[in-house]
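# Structure at a glance
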Amino acid sequence: MTLEREREAVVRHAPALADLTPARTGNLSVRRGDAFAITPTGVPYDSFDAADVPVVGFDGEQKAGEMTPSSEVPMHTGIYRHDEPGAIVHTHSTWATTMATLHQSLPPVHYMIVAVGRRVPLADYAPYGTEELAANVVAAMAEAGSSAAIIENHGLVVTGPDLETALENTRHVEELCRLYLRASAVGEPTTLTDDQLATVEEKFASYGQPDAE
């Protein structure tokens, strides 16, 4: 399984990580079936082509690609096995990572949080690239019913049906973390109730343009 379309998507979207995470520390992947294409480890986001992009099976075996995959393969694999999203974005973005160092989850301070759930939970710390970290992230997201998680002293992970959505929601969460931290510097932010969030979820179900005939 070579996942050519998915590998091309990784190449197309990887440069967006440069604005979301320092140096070469972020990663993203896109899934088809029981395998996924993922950014290679330790290289600039615009310095590889589709033939370089690693393809990894859920068994951990590299099935294609000239480069070594991201060290966070266990986390991506764990999330795909549990929730079966179409794509994953992992960053060390400034505001979400600030929340991570404070061991602070993101409460519903703005209605746009429903893009990923009713809150963004905090996943327990574990060394990067480990099965333990993968289990912690999966558990936090499952308990909160969220498609995102802040990882203690580490960063942020967001899932979506495709890379475009996962990246967009990564930006949403980063902006909400910024908003929360700046509001907290002035006072105690007010959060939305479950009833208020349910109303937003209902409205979001019909948000945007209808599909073309």
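What this report covers is the structure whose coordinates are included nearby. These numbers were taken from a predicted model, which means no experiment stands behind them. (Residues numbered from 1 in each chain as written. Predicted model: local features only at pLDDT ≥ 70, side-chain atom pairs only at ≥ 80, totals over all residues. Heavy atoms only, no water.)

## Some points on the sheet that holds strand β2 (residues 35-38)
- One open sheet holds the 8 strands; their spatial order is β4-β3-β2-β1-β5-β8-β7-β6, and the pairing between them is mixed. Either end of the sheet is taken by a strand with one partner, and the two such strands are β4 (62-64) and β6 (122-123).
- In this sheet, β4 lies alongside strand β3 (residues 55-57) in antiparallel orientation, the contact comprising 2 bridges. What sits directly across from V55, in β4, is A64.
- This element, helix α3 (residues 94-101), spans β7 (148-151) and β8 (155-160) of the sheet and lies at about 60 degrees to β7. (Pairing = 2+ DSSP bridges. Helix = DSSP H or I, 4+ residues; strand = E, 2+ residues; numbered from the N terminus. Contact = heavy atoms within 4.5 Å. Axes fitted to C-alpha atoms, helices over the stretch in contact; angles between N-to-C directions.)

## Considerations on unusual backbone geometry
- Here the phi dihedral of A23 falls at roughly 50 degrees; this positive angle occurs in a residue that is not glycine.
- Positionally, A23 belongs in the loop between α1 (4-13) and β1 (27-32).
- Residue classification places A23 among the exposed positions, given a relative accessible area of 65%.
- Non-glycine residue N153 carries a positive phi angle of around 50 degrees.
- Structurally, N153 can be placed in the loop between β7 and β8. (Buried < 20%, exposed > 50% of the residue type's maximum accessible area, 1.4 Å probe, protein only.)

## Quick word on the packing of aromatic side chains
- Within the structure shown, the criterion is met by 4 aromatic pairs.
- Between Y111 and F204, the aromatic rings sit 6.3 Å apart at their centres with planes inclined by 90 degrees, giving edge-to-face as the arrangement. Within this pair, whereas Y111 is found in the loop between α3 and β6, its partner F204 is found in helix α6 (residues 194-204), the two being separated by 93 residues in sequence.
- You can call Y111 partly exposed: its relative accessible area is 42%. (Phe/Tyr/Trp six-rings, centres within 6.5 Å; stacked < 30°, edge-to-face > 60°.)

## Quick notes on helix α4 (residues 131-144)
- An ideal rise of 1.5 Å per residue puts 20 Å on 14 residues; α4 measures up with 20 Å between its terminal C-alpha atoms.
- Along α4, the positions that sit buried rather than exposed are L133, A134, N136, V137, V138, A140, M141 and A144.
- Its buried side turned inward, α4 meets α2 (73-83), β6, β7 and β8.
- G145, located one to two residues past α4, shows a positive phi value of around 65 degrees. (Expected span 1.5 Å × (residues − 1).)

## Some points on the side chain of E174
- The residue E174 is located in helix α5 (residues 163-184) in this model.
- Of the side chains with opposite charge, R178 lies nearest to the buried E174, which makes no salt bridge, at 7.6 Å.
- In this structure E174 touches S93, T94, W95 and A96, once residues within four positions along its chain are discounted. (Lys, Arg positive; Asp, Glu negative; His and termini not counted. Salt bridge = Lys/Arg side-chain N within 4 Å of Asp/Glu carboxyl O.)

## Observations concerning the packing of α2 against α4
- Running from N to C, α2 and α4 cross one another at 40 degrees; their axes reach a closest spacing of 8 Å. It follows from the interaxial angle that α2 and α4 lie oblique. Note on packing geometry: the crossing formed by α2 with α4 is right-handed. From α2, P74, M75, G78, I79 and H82 reach across to α4, where they touch E131, L133, A134, V137, V138, M141 and A142.
- Its residues placed into classes, the contact of α2 with α4 shows 9 nonpolar, 2 polar and 1 charged. (Parallel < 35°, antiparallel > 145°, perpendicular 65-115°, else oblique. Left-handed = near helix turned anticlockwise from the far one by under 90°. Nonpolar A, V, L, I, M, F, W, Y, C, P; charged D, E, K, R; others polar.)

## Notes on the pairing of β2
- With burial as the criterion, each face of β2 is covered, one bearing A35 and A37 and the other bearing F36 and I38.
- Of the strand pairs in this sheet, β1 and β2 are connected by 4 bridges, and their pairing is antiparallel. Across the sheet, S29 pairs through a bridge with I38, a residue of β2.
- Linkage of β1 to β2, two consecutive antiparallel strands, is achieved through a turn of 2 residues, within which G33 is found at a positive phi near 65 degrees.
- As defined by bridge partners, β2 adjoins β3 across 3 bridges and the pair is classed as antiparallel. By the bridge assignment for β3, F36 is matched with V56.

## Let's talk about the environment of T98
- By the element assignment, T98 lies in helix α3.
- Put simply, T98 and H154 are 56 residues apart on the chain and 9.1 Å apart in space, counted from C-alpha to C-alpha.

## Here we look at the nonpolar core
- Core analysis: the biggest nonpolar cluster contains 22 residues, and V10, V89 and L163 have the highest contact counts within it.
- Among the secondary structure elements, those contributing two or more residues to this core are α1, β1, β2, β5 (87-91) and α5.
- If one sorts the elements of this core by residue count, α5 sits on top with 3 residues.
- Apart from residues lying up to four places away in sequence, V10 is in contact with L28, V30, A37, I38, T39, F48, V53 and L163. (Core = buried A, V, L, I, M, F, W, Y, C linked by side-chain atoms within 4.5 Å.)

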